[in-house]
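Structural description and commentary
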Amino acid sequence: MADDLFTPTITPAAYAEGRPPWRPGSLVYPAVFGGALAATVLALVNARRLRLPVGAVLAIVGTGLAALVARLAITVVLLDGHTSGPARLVGALSGVLVWSVANLTQKGRFRTYEMRGGQAASLVLPGIAAALGLGIVEAVLIVLAAAVR
Amino acid sequence: MTAPADQLARVVGLLEMNRPEQALEELARLPGPVATDPHVYRLRAVALSTLDRWDEVAEVARQGLAEVGPDAELLGRLGLALRSQGAFAPAERALLDALALEPQDPWLLCQYADLCVTVGQTDKASRLLARAAELAPEHPAVYASRIQLAYAGGHDRAAERVTREFLGRYPEHPVALALHGGIAVERGRIGDAHRSFGRAVAHDPDDPDYAEAAWETRVYTHPLLLPLRPLYRLGIRMWLIAVGSIAVLNLAKLYVPALVVALAWLLYSLWSWIAPPLVRRLVRGRWRS
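Of regular secondary structure, chain B possesses 16 helices and zero strands. Its C-alpha atoms give chain B principal-axis dimensions of about 90 × 45 × 35 Å. Contacts spanning at least 24 positions in sequence make up 52% of the contacts within chain B whose residues lie at least 6 apart. Here chain B has roughly 13700 Å² of accessible surface; of this, 59% comes from carbon and sulfur atoms. Of the charged side chains in chain B, 32 are positive and 33 negative, and the gap between their average positions amounts to 11 Å.

A few words now on the domain arrangement of chain B. All names here are of chain B. Domain parsing of chain B yields domain 1 (5-222) and domain 2 (223-289). A C-alpha centroid distance of 38 Å is found between domain 1 and domain 2. In this complex, domain 1 contributes 13 residues to the contact, which on the side of domain 2 involves 15 residues. Of the roughly 1500 Å² buried where domain 1 meets domain 2, counting both sides, 59% is carbon and sulfur surface. Three residues stand out in domain 1 for area buried against domain 2, namely W215, Y220 and H222, and they jointly supply 53% of the buried area on that side. Across the domain 1-domain 2 interface, the total number found is five residue pairs in polar contact (both at pLDDT 80 or more). Counting only elements with at least two residues in the side of domain 1 that touches domain 2, the list comes to α12 (190-203) and α13 (208-219). Partitioned by chemical class, the residues of the side of domain 1 that touches domain 2 number four nonpolar, four polar and five charged.

This part takes up the interface of chain A and chain B. At the junction of the two partners, chain A supplies 30 residues and chain B supplies 39 residues. Carbon and sulfur atoms make up 70% of the area that chain A and chain B hide from each other, which totals about 3300 Å². Taken together, chain A and chain B are joined by three salt bridges. Of the charged contacts, one joins B:E186 and A:R111 as a salt bridge, the two residues approaching to 2.9 Å between their closest N and O atoms. Remark: the boundary between chain A and chain B carries 11 residue pairs in polar contact (both at pLDDT 80 or more). Going through the elements one at a time, α1 (12-15), α2 (28-34), α5 (86-115) and α6 (124-148) of chain A are the ones with two or more residues in the side of chain A that touches chain B. At 10 residues, the largest contribution of residues to the side of chain A that touches chain B is made by α5(A).

The rules behind the values
- Residues numbered from 1 in each chain as written.
- Chains lettered and ligands numbered in written order.
- Predicted model: local features only at pLDDT ≥ 70, side-chain atom pairs only at ≥ 80, totals over all residues.
- Heavy atoms only, no water.
- Helix = DSSP H or I, 4+ residues; strand = E, 2+ residues; numbered from the N terminus.
- Contact = heavy atoms within 4.5 Å.
- Areas by Shrake-Rupley, 256 points an atom, 1.4 Å probe, with all protein chains shown as cover.
- Lys, Arg positive; Asp, Glu negative; His and termini not counted.
- Charge placed at Lys NZ, Arg CZ, Asp CG, Glu CD.
- Domains from an automatic or database assignment.
- Buried area = accessible area lost by both parts, 1.4 Å probe.
- Polar contact = N/O pair within 3.5 Å; in protein donor to acceptor, adjacent residues only side chain to side chain.
- Nonpolar A, V, L, I, M, F, W, Y, C, P; charged D, E, K, R; others polar.
- Salt bridge = Lys/Arg side-chain N within 4 Å of Asp/Glu carboxyl O.

What follows is the structure, encoded as structure tokens:
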């Protein structure tokens, strides 16, 4: 058959499932409570589970780095290195920024994963761990940046 | 050999009325030699597909193919069954064999497009679907595949628009109702979704997926989850409203109201995180018994 539409293109490797991904929409919670670093790390782990193309992974890394640098700069320069009050808001906003890119790049892949009968993994424990652990790391970075300044 | 026409006509009628169990009973009453008629294999495969009994669909399709030779309908059903079993490459093989026999069949083109969507090959799915739409733009399978393709691409508005077109053309079609329910869930319209899935179940009570979806949307109508409706409806906009309000209050030096809003938002967010699995667990035994 000459028609290229009727040429087989599906190989078992194309859909072999590894660890189940998290629902991209749910990443918003650790993103808001943990900040840009937590959002970036979780989004990258999820990108790997969803086998996202390199371009999408780079978009997440780029946004994550930009959000983290912006968060540090705003907190250190405009808010004198304070990590409470408005600084928490800046942290939440930077997390939401990373999440929005992650959600945009991962939503389609996750939906096709669901169409294959896949179930989302629970984000409760990894989400809490990332929000607390990486939130603390982010706070330490702010303190260090403020000290350097 | 031909099967008795009146018995087969009855089976077709039962399938059109969405009574696959009765259609199978009728088919089982056919005399032995007639049961190997190609049309009988096709009808049996269709009835079993309607019941989502995919192992049996695959078995009947293979038996039929061994008995009657290459047949587009049976190969298509085999492809559908293999896809449902997660065997995507063999499913593609079966669908391509079917399309080699019937390259202009819109249903087969849509099945192949759906398979491509499932494995993330959306460009190819789009081209297959364009071809199917040229042949039969108002075929239910074409509407369903257009919705799936739009949904998989994250184009929720387009998916919703096509769902409305589908429902407008086939107001009582269970697939149209179920897809409408699915899109309504994505758009945060829980009540709407629950009604659609309920109607889909009423029209096709044998489909376990519709029943599961109807149950799941019923969970979200639980009073404990009612406060979360605005969040589901507005999504990220709700987050921006909350964070924006806290920012504005802080800038206006209204620290106490800002703290109250922040705490309320924190509790609300936590509730939206833990309440759905909690309620699901709470009602599982009660509503399913």
